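Inside the fold
Each chain is listed here by its residues.
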Amino acid sequence: MGSNQSVGIVEPKTAVLGDLRLDNGSVLSPTVVAYETYGVLSPNKDNAILICHALSGDAHAAGFHSGSDKRPGWWDEYVGPGKAFDTNQYFVISSNVIGGCKGSSGPMSINPVSGKPYGSSFPFVSIKDMVAAQKLLVESFGIQRLLCVAGGSMGGMQALQWSISYPDALENCIILASSAEHSAMQIAFNEVGRQAILSDPNWNNGLYEDSATPRKGLALARMMGHITYLSDHKMREKFGRKPPIGNLLNSDFAVGSYLIYQGESFVDRFDANSYIYVTKALDHFSLGKGQELTKALSPAQCRFLVVSYSSDWLYPPSQSREIVKSLEASDKRVFYVELTTNEGHDSFLLPNQRQEDVIRGFLNMPVNE
Amino acid sequence: MIDSKILSSTTLRERPDFAYILDTISPGSRVLDLGCGNGDLLYLLKQKGIRGQGIEKDEDAIVECIRKGVYVHHGDIDEGLSHHEDKRFDYVILNQTIQETRHPGDIIKECLRIAKRVIIVFPNFGYWEVRFRILFQGKTPVTDLLPYRWFNTPNLHFLSVLDFQEFCDIRGFTVEDRAFFTDLKQVKFSPNFFAKLALFQIR
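Residues numbered from 1 in each chain as written. Chains lettered and ligands numbered in written order. Predicted model: local features only at pLDDT ≥ 70, side-chain atom pairs only at ≥ 80, totals over all residues. Heavy atoms only, no water.

- Under an unreviewed UniProt entry, the name given to chain B is Methionine biosynthesis protein MetW, and the organism recorded is Leptospira saintgironsiae.

- Within an unreviewed UniProt entry, the label attached to chain A reads Homoserine O-acetyltransferase, and the organism entered is Leptospira dzoumogneensis.
- UniProt lists a comment for chain A under the heading Subcellular location (unreviewed entry), and it reads "Cytoplasm".
- Per its UniProt entry, chain A bears the Pathway (unreviewed entry) comment "Amino-acid biosynthesis; L-methionine biosynthesis via de novo pathway; O-acetyl-L-homoserine from L-homoserine: step 1/1." (UniProt positions renumbered as here; feature names shortened; annotations may be inferred.)

Here's the deal with the interface of chain B and chain A
- Opposite the 21 residues of chain B that make contact, chain A presents 23 residues.
- Summing both sides of the interface, chain B and chain A together bury roughly 2,000 Å²; the carbon and sulfur share of this comes to 50%.
- Taken as a group, E59(B), I66(B) and Y71(B) account for 33% of the area that chain B buries against chain A, more than any other trio of residues on that side.
- Across the chain B-chain A interface, the total number found is five salt bridges.
- Across the salt bridge formed by E59(B) and R354(A), the nearest N and O atoms sit 2.7 Å from each other.
- At the level of secondary structure, the elements contributing two or more residues to the side of chain B that touches chain A comprise β2 (51-56), α3 (59-68) and β3 (72-74) of chain B.
- Here the side of chain B that touches chain A takes six residues from α3(B), the largest share from any one element. (Contact = heavy atoms within 4.5 Å. Buried area = accessible area lost by both parts, 1.4 Å probe. Salt bridge = Lys/Arg side-chain N within 4 Å of Asp/Glu carboxyl O. Helix = DSSP H or I, 4+ residues; strand = E, 2+ residues; numbered from the N terminus.)

Observations concerning the packing of aromatic side chains
- A complete count under the given rule lists 30 aromatic pairs over all chains for this structure.
- Summarising the aromatic geometry, the rings of F266(A) and Y275(A) are spaced 6.0 Å apart at their centres and angled 80 degrees between planes, so their arrangement reads as edge-to-face. Taken individually, F266(A) and Y275(A) each receive the classification buried, so the pair is uniform in this respect.
- Between F122(B) and F164(B), the ring centres sit 5.2 Å apart and the planes meet at 40 degrees, which makes this aromatic pair tilted. Taken as a pair, F122(B) in strand β5 (residues 115-123) and F164(B) in helix α6 (residues 161-171) lie far apart in primary sequence, 42 residues in all. Here the two residues F122(B) and F164(B) agree in accessibility, since each one is buried.
- Lying across the ring of F18(B), R15(B) places its NZ or CZ 4.0 Å from the centre. (Phe/Tyr/Trp six-rings, centres within 6.5 Å; stacked < 30°, edge-to-face > 60°. Buried < 20%, exposed > 50% of the residue type's maximum accessible area, 1.4 Å probe, protein only. Lys NZ or Arg CZ within 6 Å of the ring centre and 35° of its normal.)

Some thoughts on the pattern of salt bridges
- Tallied over the full model, the rule gives 31 salt bridges over all chains.
- R194(A) is paired through a salt bridge with E191(A); the nearest N and O atoms lie 2.8 Å apart. In this pair, R194(A) and E191(A) both sit in helix α3 (residues 184-198), three residues apart, roughly one turn of the helix.
- We classify R194(A) as buried; its relative accessible area is 4%.
- Taking relative accessible area as the criterion, E191(A) reaches 29% and is therefore assigned partly exposed.
- K68(B) is the partner of D40(B) in a salt bridge, and the nearest nitrogen-oxygen pair spans 2.7 Å. Taken together, the residues D40(B) in helix α2 (residues 40-47) and K68(B) in helix α3 connect sequence positions 28 residues apart.
- The network of salt bridges with common partners includes D331(A), R30(B), R51(B), E85(B) and R88(B).

This is the structure in structure tokens:
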């Protein structure tokens, strides 16, 4: 990788923005968006890049929150001085999605009417709504036009939505390991996760109390999801058929213990309602296929970089190719590469020299070419 | 002008076929380069104000193309160009690609649908050195344009100038232009014997 430098200590911030009319007709007031920024905004405000996170991600994309913080942000490999998203050059904004539980408006926000958290009475949020909230955030910096919007998985859907919701507001769009709509299989995985939550005795129609959250259901949902983020190769390599390291009561196999650990650590940092809201947003996102998709993408003006990963069976390369072909049919400027990886869907998060090279090459290309 | 540092290794002097193509296609045209390799030709076309894009299956070559700012699609041309509208491009270029495709006839037909003209460049199997190697060594020839051994070659077809001319006649393709090259220059006399590389422009 190009550099091991970190953006250092970063401060999570929250923006309280104006009203937002959501896709389903309800109005979010105020719209709160959690975010972080890295690098310096140029005087002309023309070097800003928006980074969009995936399902369980958040605004903390790079750097550390404190000196004792052991783990950096989720995309620290790619965001920093001298890295693919070079913070010496660019002003990087990483924004958290509404509907989530990491500081933006979502089911955990306090309903001003009841004085209690919204829970499942929070309005339905779409990918388009998430992007609309990001647009308010970007405008709050006085930025008219982003140099780039980039994201992987759900973040890729947001980036794609940006290109058609606000065609004049971005120069470049990077879509990694993503899709223009979920297949039945992808919806099926999410449905199993949601059903695990709904069947938890603590679920209480989404009006659960802090003291008794549907932890077991959420942990199961995460276990299910986590399987789909890995690959057969990765699991063989990591676990094989190894017996458990401990905890015989819970699992016979190392892979099982691992998933249980992943599930249990997830419930400490994620809200079950948000899991339902965000996976619903993913499943409902649909720009269509073939000619319908071409038509949906026709307003886009920006350049595109689409990247897929050979071992990603959750968002397979064929879904990225669908986007690329529709962009080409619609006469858009697009780069497409399928990177050979063994890491499955999570590939876009991991160090990869080629991924760094293509992002850097794409961003370095003069704007008018 | 052209930033030679960004090109991998080739210069126009070494690639008379590139020079010929650059001369043929006018600025403002739209070009699709099938099997564009590391994007050198597309990069040169871009410098001339020609809007190009490429398809390539080699991952390293694709990364190189993106580094050069050449629009590319990572994929296999055998898997279809069907999403492109009729006559979307002024030219489709198949530069030393056609011999590697499974169904050259189908691909050329599809190219003629999406482009006004198709430029096909291929290593000439009728070249004298190739003929002599078969004749005197009795082995599948390995030359600079056909640099592979029989067991590791990506080339599925071996064709000569006469073969391709015959193919165009059979399929009813109109040959608009032809050019033949050795290493550094064009060949006019007896091209099926003296040309290493053949270029056909068809419609």
